[in-house]
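# Overview (structure and organization)
Here are the chains, one letter per residue:
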Amino acid sequence: MGGKNDAVPESQRRIDPFLGTTIHIVGGRQSRPIISDGRSVTACPFCVGGLEAPDPYETRWFINRWPPMDGDRCEVILYSPNHDASFASLGVDGIARVIDLWVERTETLGARDDVEFVLVFENRGTSIGATISHPHGQIYAYDHVPRRSNQLLGTGGWVPSFDDQLLVVGNDSMIAAVPPAPVYPVAVTIAPRVRVGRLSELDRATRRDLASMLADVLDRLDRLYDEPIPYMLWVNQRPFTAGFDDAWLNIEIVSPWRAANLPRYIAAAEVGAGEYFNPVVPEELALRLRASNDQSV
Ligand SMILES: [Zn+2]
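Rules behind the numbers
Residues numbered from 1 in each chain as written. Predicted model: local features only at pLDDT ≥ 70, side-chain atom pairs only at ≥ 80, totals over all residues. Heavy atoms only, no water. Donors = N, O, S within 2.8 Å, 3.2 Å for Na, K, Ca; no water. Tetrahedral: all angles 85-135°; square planar, octahedral: opposite > 155°, others 65-115°. Helix = DSSP H or I, 4+ residues; strand = E, 2+ residues; numbered from the N terminus. Buried < 20%, exposed > 50% of the residue type's maximum accessible area, 1.4 Å probe, protein only. 1 Å grid on protein atoms, 1.4 Å probe; cavity = no way out; pocket = protein on both sides within 12 Å on 5 of 7 lines; lining within 4 Å. Points joined across faces, edges and corners; volume = space filled by probe spheres on them. Nonpolar A, V, L, I, M, F, W, Y, C, P; charged D, E, K, R; others polar. Pairing = 2+ DSSP bridges. Axes fitted to C-alpha atoms, helices over the stretch in contact; angles between N-to-C directions. Contact = heavy atoms within 4.5 Å. Salt bridge = Lys/Arg side-chain N within 4 Å of Asp/Glu carboxyl O. Polar contact = N/O pair within 3.5 Å; in protein donor to acceptor, adjacent residues only side chain to side chain. Core = buried A, V, L, I, M, F, W, Y, C linked by side-chain atoms within 4.5 Å.

## Quick word on the coordination of the zinc ion
Donor atoms from the polypeptide that coordinate the zinc ion comprise C44 (SG), C47 (SG), H83 (ND1) and H134 (ND1), at 2.0 to 2.3 Å from the metal. Geometry at the zinc ion is tetrahedral, judged from its four donor atoms and the angles of 103 to 119° they form at the metal. Sequence spacing of the donors to the zinc ion: C-x2-C-x35-H-x50-H. Of this pair, C47 sits in the loop between β2 (22-26) and β3 (60-63) while H134 sits in the loop between β5 (117-124) and β6 (136-142), and the two are 87 residues apart along the sequence. With respect to class, C47 is no different from H134; both count as buried.

## A word on the layout of surface pockets
The volume enclosed by the largest pocket comes to roughly 1,600 Å³. For the largest pocket, the lining is made up of 36 residues, of which L119, P146, R148, S149 and W234 are closest to its centre. Residues that form the lining of the largest pocket fall into these classes: 23 nonpolar, nine polar and four charged.

## What to know about unusual backbone geometry
The phi dihedral of D72 is positive, around 50°, even though this residue is not glycine. Counting through the fold element by element, D72 comes out in the loop between β3 and β4 (74-78). The exposure class assigned to D72 is partly exposed, which follows from its relative accessible area of 47%. Positive phi values are uncommon outside glycine, yet D226 reaches one of about 50°. For D226, the location among the structural elements is in the loop between α3 (204-224) and β10 (231-236).

## Considerations on the sheet that holds strand β8 (residues 174-177)
Pairing is antiparallel across the open sheet formed by nine strands, whose spatial order is β3-β4-β6-β5-β10-β11-β9-β8-β7. Across the chains shown, the open sheet's two edge strands, defined by having one partner strand only, are β3 and β7 (167-170). Taken over all neighbouring pairs, the strand axes of this sheet differ in orientation by 20° on average, direction set aside. Sheet topology places β3 next to β4; four bridges connect them, and they run antiparallel. Considered in β4, the bridge of F62 is made with V76. Against the sheet, α3 touches β5, β7, β8, β9 (186-192), β10 and β11 (250-255), its axis set at about 170° to β9.

## Here we look at the pattern of salt bridges
Think of it this way: side chains of opposite charge can pair up when their charged atoms draw near. As enumerated under the stated definition, the model contains 17 salt bridges in all. The shortest N-O distance in the salt bridge between R13 and D143 comes to 3.2 Å. Here D143 lies in the loop between β6 and α2 (147-154) and R13 lies in strand β1 (residues 11-15), a separation of 130 residues in the sequence. The shortest N-O distance in the salt bridge between R105 and E104 comes to 3.2 Å.

## Brief notes about the side chain of S255
With respect to the helices and strands, the residue S255 is situated in strand β11. Look at S255 and you get buried, because its relative accessible area is 2%. A distance of 2.7 Å separates a polar side-chain atom of S255 from the backbone oxygen of P230. Apart from residues no more than four positions distant in its own chain, S255 is found in contact with Y184, P185, V186, I229, P230 and Y231.

## Overview of the nonpolar core
Core analysis: the biggest nonpolar cluster contains 52 residues, and F87, W102, I190, L214 and I253 have the highest contact counts within it. Here this core takes nine residues from α3, the largest share from any one element. When near neighbours in sequence (up to four residues on either side) are disregarded, I253 contacts V186, A187, V188, I190, L214, V217, L218, L221, Y231, M232 and L233. One finds M69, C74, V145 and F244 within the second-largest nonpolar core, a separate group that totals 16 residues.

## What to know about the side chain of R220
Looking at where R220 falls in the secondary structure, it is placed in helix α3. One polar contact links R220 to D216, side chain to side chain, over a distance of 2.5 Å.

## Re the pairing of β10
Most of β10 sits inside the fold, with six of its six residues counted as buried. Here β10 shows two buried faces, one formed by Y231, L233 and V235 and the other by M232, W234 and N236. Relative to β10, β5 runs antiparallel, the two being bridged by five bridges. Across the sheet, V120 pairs through a bridge with V235, a residue of β10. Pairing between β10 and β11: five bridges, direction antiparallel. Along β11, the bridge assignment pairs W234 with E252.

Encoded structure:
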């Protein structure tokens, strides 16, 4: 039994003894600042001149000051110096610049001996926990391959071979579709038509196709409920360990909204039983997303 002096480290990985679930205990993060909508722009640490961005920039990365894992393995990616921009509003050039930075940080972190997997992600909207509204994403570099990523990428992952009813949009090299059995009411996955394992394997033209696909899909999502939609976005890339030769790069975007400002909560039955109830029919979501830019101006 630990006494008062046996302090628990600020960040510690534990495994649930019954379920095998990995839990990162991150006590140190409770003290991090919350600066969201309603605070003045001058207080924003991500605006030029702010705490994390002293000099002018187009895109920028830095080590997370309140890392949920030790060892300089958590980074923040600033998408734009414009506080009121969103990922979608950056346009193809701006999104392509962010993708270039994702590539650079993924490969730099992945080259470390103590990194096996790099997760690039974004949480947009205060309702899903973004504490600063300035457009930004994050990167976690794990010293292991997390269970979901291992399961998804070990089997090849999300391959764009599905029912046409689930297709949202496609371009020369990328496809976007609603997954057949999504956990969240709104879900779209973007993947290259031809298998590549990581973003770094995309050439210039394909990176631009991905940027334009991201702009298109995020725009359709914002028009789904005529309201900027809160979302979670992450990139599934081949781990930096052997045995993932079939991994297929893809980007998942999900939202808890089942209607405007109406989240579908992951609640007792889901948490308790580990099975999900989704009130939105994936084929109907795909149909609405396919049609949504017909009204575009
Ligand atoms: Zn800002």
